[in-house]
Every structure is written in C-alpha cells, then in structure tokens.
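Structural overview
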Amino acid sequence: MRNVLAEYTVSWNRHDTAAVGRLFTENCDYVNIAGIHWKGVQEIVQQQAELFQNRLKTAVRTLTGAEVRFQHPMLHLVHATWDVTGWSRPSGEAVPVLKEITTMMMVKTNGKC
C-alpha cells in the first residue's frame, strides 16, 4: 500500500493523469475536495487533467501520514494525510497549504494493491 501511495504521489506531482489513472479500478468512485463525485477512471483522469491545466498547475502534494487497516487479505482501508501547496481557489486566490485527508479502499489484484 505504501508503494501505491508513493506512486500516486509521484504521478500526481508530475501531473501525469495517465499514470494516476492506472492506480484506479475501472468502476471506482472518487469524491474530490469540493465534494464532487467522479465515477470511473476515465472521468477521474479527464477531470484531474482539467484541474492540472488550471487551478492545480503548480500544485504539489506531500504525503504526511498513512494509516492502513486490513479489512480482508484482498481489501485494505487507507487514510492518508497530505500537504498540498501551489494551488488556487476558483477565484484565483493562492492557497498557502491545504491539509488534506484521503480515504481509499485498496484492492489487491494479481498480488499487488
């Protein structure tokens, strides 16, 4: 799980939406910080790409912590905390540091999460 979080961080910081998308299952759900619900990996990749071109153009996230709960040998609940810098509000106002909490369900497939 920690490798997945590291890969997610690197891909996100490179604004590599294709690499970020490969970390999700096809039928996944994603609720962003604004409470907008994206359904499926294609929508996540598309919407994230739009944000990277605008409000998240210079954004960088740093993983500050992770708590993993093993629900089942194939399913893990992860709460990750991040500091996100370099982003702006829809108004264009810069935000110094966003403290973010992400909840993920990680599914083990082919021996990997």
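So, a few notes on the structure that sits alongside this text. Please read these numbers as outputs of a predicted model, since none were measured by experiment.

Here we have three strands laid out as an open sheet, ordered 3-4-7, and antiparallel in their pairing. With one partner strand each, in any of the chains shown, strand 3 (60–72) and strand 7 (98–107) form the two edges of the open sheet. Between one strand axis and the next, the sheet turns by 20° as a mean value, whatever way the strands run. Sheet analysis places strand 3 next to strand 4 (residues 75–85), joined by 11 bridges and oriented antiparallel. Its bridge partner lying in strand 4, Thr62 is registered against Asp83. Strands in contact with helix 1 (residues 2–13) are strand 3, strand 4 and strand 7; relative to strand 3, the strand with the most contacts, it is inclined by about 150°.

Applying the stated criterion across every chain yields a total of four salt bridges. With its nearest N and O atoms 3.0 Å apart, the salt bridge here joins Arg69 to Glu67. Overall, the relative accessible area of 39% leaves Glu67 in the partly exposed class. Asp83 is the partner of Lys99 in a salt bridge, and the nearest nitrogen-oxygen pair spans 3.0 Å. Residue Lys99 is located in strand 7, and its partner Asp83 is located in strand 4; the two are separated by 16 residues in the primary sequence. Asp83 sits in the partly exposed class, given a relative accessible area of 21%.

Analysis parameters
Along each chain, residue indices are assigned from 1 in the same order as the chain's sequence is written. Only residues with pLDDT of at least 70 get local features here, since the model is predicted, and only at 80 or more are side-chain atom pairs given and counted; chain-wide, interface and lining totals rely on the full set of residues. The side-chain values count all of the structure's non-hydrogen atoms but skip hydrogen atoms and water molecules. Only strands that DSSP links by at least two bridges are regarded as paired with each other. Going along the chain from the N terminus, every DSSP run of H or I of four or more residues is numbered as a helix, and every run of E of two or more is numbered as a strand. In this description, a line fitted to the C-alpha atoms serves as the axis of each element, helices being fitted only across the stretch in contact, and the angle between N-to-C directions of two axes falls anywhere from 0 to 180 degrees. Contact between two residues is taken to exist if any of their heavy atoms lie within 4.5 Å; hydrogens are not considered. Only one rule defines a salt bridge in this text: a Lys or Arg side-chain nitrogen within 4 Å of an Asp or Glu carboxyl oxygen. Exposure categories follow from relative accessible area, calculated using a 1.4 Å probe and restricted to protein chains: below 20% of the type maximum is buried, above 50% is exposed, and the middle band is partly exposed.

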